[in-house]
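The chain contents come next:
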Protein chains: 2
Amino acid sequence: MKINHIALVVDDLDEALAFWRDGLGLELQEIEEVPEQEARVAFLPIGESHVELVKPTTETSGLARYLAKRGPGMHHVCVQVPDIAATLERLKARQVRLIDETPRRRGNRQYAFIHPESAHGVLVELYEVAGEN
Amino acid sequence: MKINHIALVVDDLDEALAFWRDGLGLELQEIEEVPEQEARVAFLPIGESHVELVKPTTETSGLARYLAKRGPGMHHVCVQVPDIAATLERLKARQVRLIDETPRRRGNRQYAFIHPESAHGVLVELYEVAGEN
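Read on for a plain summary of the structure.

So, the overall build of chain A
- Regarding its fold elements, chain A presents 3 helices and 8 strands.
- Tracing chain A from N to C terminus, the helices and strands come up as β-α-β-β-β-α-β-α-β-β-β.
- Taken over the C-alpha trace, chain A has a radius of gyration of 15 Å; the compact-globule value for 133 residues is 14 Å, and the two agree within 12%.
- Each of the three principal axes of chain A carries a C-alpha extent, and together these read 45 × 35 × 25 Å.
- Sequence-distant contacts in chain A: of pairs separated by 6 or more residues, those separated by 24 or more amount to 49%.
- Here chain A has roughly 6300 Å² of accessible surface; of this, 45% comes from carbon and sulfur atoms.

Following this line, the structure appears as structure tokens:
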């Protein structure tokens, strides 16, 4: 297991890069347009993890409303597990509230979100990455 | 560089462990009393990082007031750097607002906090660990 990434929602990608890349010294791997999330995402590797800076590109998405309501800050923590289906079953058996009852797929990844209500105020994403673990 | 830890402030350590240890499957390394922070801290290794679950033990500390005001959730992200003094100088030159202008020391670690105002709403701690990097 590892922290795959932490995702921060920001209102200005250039300003956020001025801090995380130019100030702290992280490398910018790429900036990706993610239309299905209505967002532009900067990926900055750090050790075995990434910092993801997420900038909403519309005003109507969940991310945009989160930003408008709470201001910029931590959005979620992504924990990479060896077997996401088994982890979800274990959480369900403990009455943990899941946003995704079964994993969703993108490329070589399966992912699912856990409701922050069940994770002490933190939005947690689970990842299983094919070929890792 | 790496994410040394993410710290979550919680109001009930047993409930938080039921999620992070029993649900997600992280190992509990130890629970430490940290009187100078008026807190009890559970350390759960995850890859090269840790999840720290921080429970205030008084009602008057900054942590306790943070919990009372915002509820449980993410408290800070700790980024381990090879040379904390150089990083702080670089941040100062960029007018980043620092909570600690010079590093503080605990054991083999030097640490300093950066004000969330300058880090897009995220409280960032820097670590330099002697013998690492």
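Observations concerning unusual backbone geometry
Residue and element names in this part refer to chain A.
- Although it is not a glycine, Glu38 adopts a positive phi angle of roughly 50 degrees.
- Secondary-structure assignment places Glu38 in the loop between strand E2 (30-34) and strand E3 (39-46).
- The partly exposed category is assigned to Glu38, whose relative accessible area is 28%.
- Its identity is not glycine, yet Gln95 carries a phi of approximately 60 degrees, on the positive side.
- Turning to its location among the elements, Gln95 is positioned in the loop between helix H3 (84-93) and strand E6 (104-106).

A word on the state of the cysteines
- In the structure shown here, the tally under the stated rule is 0 disulfides over all chains.
- For Cys78(A), which is in no disulfide, the shortest distance to another cysteine sulfur is to Cys78(B) and amounts to 20 Å.
- The buried category is assigned to Cys78(A), whose relative accessible area is 0%.

Topic: the relation of the copies chain A and chain B
- Rotating chain A by 180 degrees about the axis while translating it 0.0 Å along that axis superimposes it on chain B, leaving an RMSD of 0.0 Å. Taken together, these values place the two copies in the relation of a two-fold axis.
- Taken as a fraction of all interface residues of chain A, those also at the interface in chain B reach 100%, which identifies the copy contact as same-surface.

Conventions used here
Residues numbered from 1 in each chain as written. Chains lettered and ligands numbered in written order. Predicted model: local features only at pLDDT ≥ 70, side-chain atom pairs only at ≥ 80, totals over all residues. Heavy atoms only, no water. Helix = DSSP H or I, 4+ residues; strand = E, 2+ residues; numbered from the N terminus. Rg over C-alpha atoms; globule rule 2.2 N^0.38 Å. Contact = heavy atoms within 4.5 Å. Areas by Shrake-Rupley, 256 points an atom, 1.4 Å probe, with all protein chains shown as cover. Buried < 20%, exposed > 50% of the residue type's maximum accessible area, 1.4 Å probe, protein only. Disulfide = S-S within 2.5 Å. Least-squares fit on C-alpha atoms with pLDDT ≥ 70 in both.

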